[in-house]
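# Analysis of the macromolecular model
One letter stands for each residue in the lines below.
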Amino acid sequence: MSWHGLLVSVRDAAEAAEAVAGGASIIDVKEPLAGPLGAAVAEQAAGVAVAVGAVAPGAMRWTMACGELASGVENIVAHVRRTIAAVGMAAAAPAAVKVGLAGMTDAGWRAGLDALDRGLPAGIERIAVAYADWRSAAAPAVEQVIEAAIAAGTKTLLIDTADKSAPGLLTRCGPQTIGGWIGAARAGGMQVALAGGITLEEIPAVAALGPDVVALRSAVCSNGRSGSVQRRLVRRAADACGSAGPGSRLSAIGGMTR
């Protein structure tokens, strides 16, 4: 599945409406108080799906964060199925899910991801997640995640940060390191999304690295990550992505769905 543009993570239907009105291309549902990829309860995620379908029927896809693989493959698959059941016929099922690898430094994470891929309902993509701060998160190195994702035929990589209280992705890693990761993923045929405390002011620099997707929450919320998504801030982010420099894949596709 092809992903492009601005992704905004929301926690409920009201935030989803704000994100769509502001110009987001992709809506992701998560519970920010439950961790970097905190899973929202099934009914809450279903409400987001219905809201997205109501304001942009057939025009937008939504994704869902499902926590960390360490919580157990069976638990993650059950949560996805509960969410799909809660959505029912009212809206589309999630197009993709994201699962982190914090606390998975042993060799079992590869087998766990394979099991997750087999257990997910048909038609739902798993986005590979690599934590840039993998050492402090006790997660596999970014290069290892990329290698495993390419071997598994995974189509999309998200580079994120696990510690949301620390400096963001660009400050923590620098453009050269991030660019190397993007190049490695791209060489393996993957699309790339960048997230992790990216500010509105950093969007042009991040977009210039050539990701397919820039993913935000804190930058488009009042009072930071735990606040509420605001359409005026989403609009600023969408405009920044759309006016990124000529080296950006975001600018090459002519901005986001408005």
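Here the structure is a predicted model, which means the values were calculated and not measured. (Residues numbered from 1 in each chain as written. Predicted model: local features only at pLDDT ≥ 70, side-chain atom pairs only at ≥ 80, totals over all residues. Heavy atoms only, no water.)

Take the packing of aromatic side chains next. Going through the model one piece at a time under the given rule, you end up with zero aromatic pairs. Positioned over the ring face of Trp3 is Arg61, at 4.3 Å from the centre of the ring. (Phe/Tyr/Trp six-rings, centres within 6.5 Å; stacked < 30°, edge-to-face > 60°. Lys NZ or Arg CZ within 6 Å of the ring centre and 35° of its normal.)

Applying the stated criterion to the full structure yields zero disulfides. You can see Cys66 has no disulfide; the closest cysteine sulfur is in Cys221, sitting 20 Å from it. A relative accessible area of 5% means that Cys66 is categorised as buried. Looking at the unpaired Cys173, the closest cysteine sulfur is the one in Cys241, lying at 19 Å. (Disulfide = S-S within 2.5 Å. Buried < 20%, exposed > 50% of the residue type's maximum accessible area, 1.4 Å probe, protein only.)

With that settled, the discussion passes to helix α10 (residues 231-242). When the terminal C-alpha atoms of α10 are compared, their 16 Å separation across 12 residues agrees well with the 16 Å that a helix rising 1.5 Å per residue should span. Regarding α10, the residues found buried are Leu233, Val234, Ala237, Ala238, Ala240 and Cys241. Here the buried residues of α10 occupy an arc of 160 degrees about the axis, which is enough to place them on one side. (Helix = DSSP H or I, 4+ residues; strand = E, 2+ residues; numbered from the N terminus. Expected span 1.5 Å × (residues − 1). Arc of directions from axis to C-beta.)

Among the seven residues in strand β5 (residues 125-131), seven count as buried, and that is most of the element. What you see with β5 is no split at all: Glu125, Ile127, Val129 and Tyr131 on one side and Arg126, Ala128 and Ala130 on the other are buried throughout. Sheet topology note: the strand β4 (residues 96-100)/β5 ladder contains three bridges and is parallel. The residue of β5 that forms the bridge with Ala96 is Glu125. Note on the crossover from β4 through helix α4 (residues 108-119) to β5: the handedness is right-handed. Where β5 and strand β6 (residues 156-160) come together, four bridges link them in parallel fashion. Residue pairing for β6: Ala130 is matched across the bridge by Ile159. (Pairing = 2+ DSSP bridges. Right-handed = clockwise from strand over helix to strand, strands pointing away.)

The next subject is the pattern of salt bridges. Counted according to the given criterion, the structure contains nine salt bridges. In this structure, Lys164 and Asp160 form a salt bridge, with 2.6 Å as the shortest nitrogen-oxygen distance. Between Glu201 and Arg236 there is a salt bridge, and its shortest N-O distance comes to 3.9 Å. Of the two residues, Glu201 is situated in the loop between β7 (191-194) and α9 (203-207) and Arg236 in helix α10; the sequence distance between them amounts to 35 residues. (Salt bridge = Lys/Arg side-chain N within 4 Å of Asp/Glu carboxyl O.)

One can find Arg82 in helix α3 (residues 73-87). Here Arg82 falls in the partly exposed class, since its relative accessible area comes to 48%.

Right, let's get into the sheet that holds strand β2 (residues 26-29). What links the strands of a sheet is backbone hydrogen bonding, and the strands pair in either a parallel or an antiparallel sense. One closed barrel holds the eight strands; their spatial order is β1-β2-β3-β4-β5-β6-β7-β8, and the pairing between them is parallel. Within this sheet the neighbouring strands show an average axis-to-axis angle of 25 degrees, counted without direction. Inspection of the sheet shows strand β3 (residues 61-68) paired to β4 by four bridges, in the parallel sense. Counterpart to Met64 in the pairing with β4 is Val97. The sheet contacts of α3 involve β3 and β4, and relative to β3 the element is tilted by about 145 degrees. (Axes fitted to C-alpha atoms, helices over the stretch in contact; angles between N-to-C directions. Contact = heavy atoms within 4.5 Å.)

Locating Trp109 in the fold gives a position in helix α4. In this structure Trp109 comes out as buried when scored by relative accessible area, which is 4%. Here the alpha-carbon distance between Trp109 and Pro140, two residues 31 residues apart in the chain, equals 8.4 Å. Discounting residues that sit within four places of it in the chain, Trp109 has contacts with Leu69, Leu101, Met104, Pro140, Gln144, Val145 and Ala148.

This part is about the nonpolar core. If you look at the biggest cluster of nonpolar residues, it comprises 71 residues, and the most contacted ones within it are Val8, Ile27, Leu157, Leu194 and Leu216. Setting aside chain neighbours within four positions, we find Ile27 in contact with Val8, Val10, Ala16, Ala19, Val20, Val48, Val52, Met60, Arg61, Trp62 and Thr63. (Core = buried A, V, L, I, M, F, W, Y, C linked by side-chain atoms within 4.5 Å.)

A separate point is the environment of Ile150. Structurally, Ile150 can be placed in helix α6 (residues 142-152). Looking at Ile150, the relative accessible area reads 34%, which means it is partly exposed. Ile150 sits 27 residues away from Gly123 along the chain, and the two C-alpha atoms are 19 Å apart.

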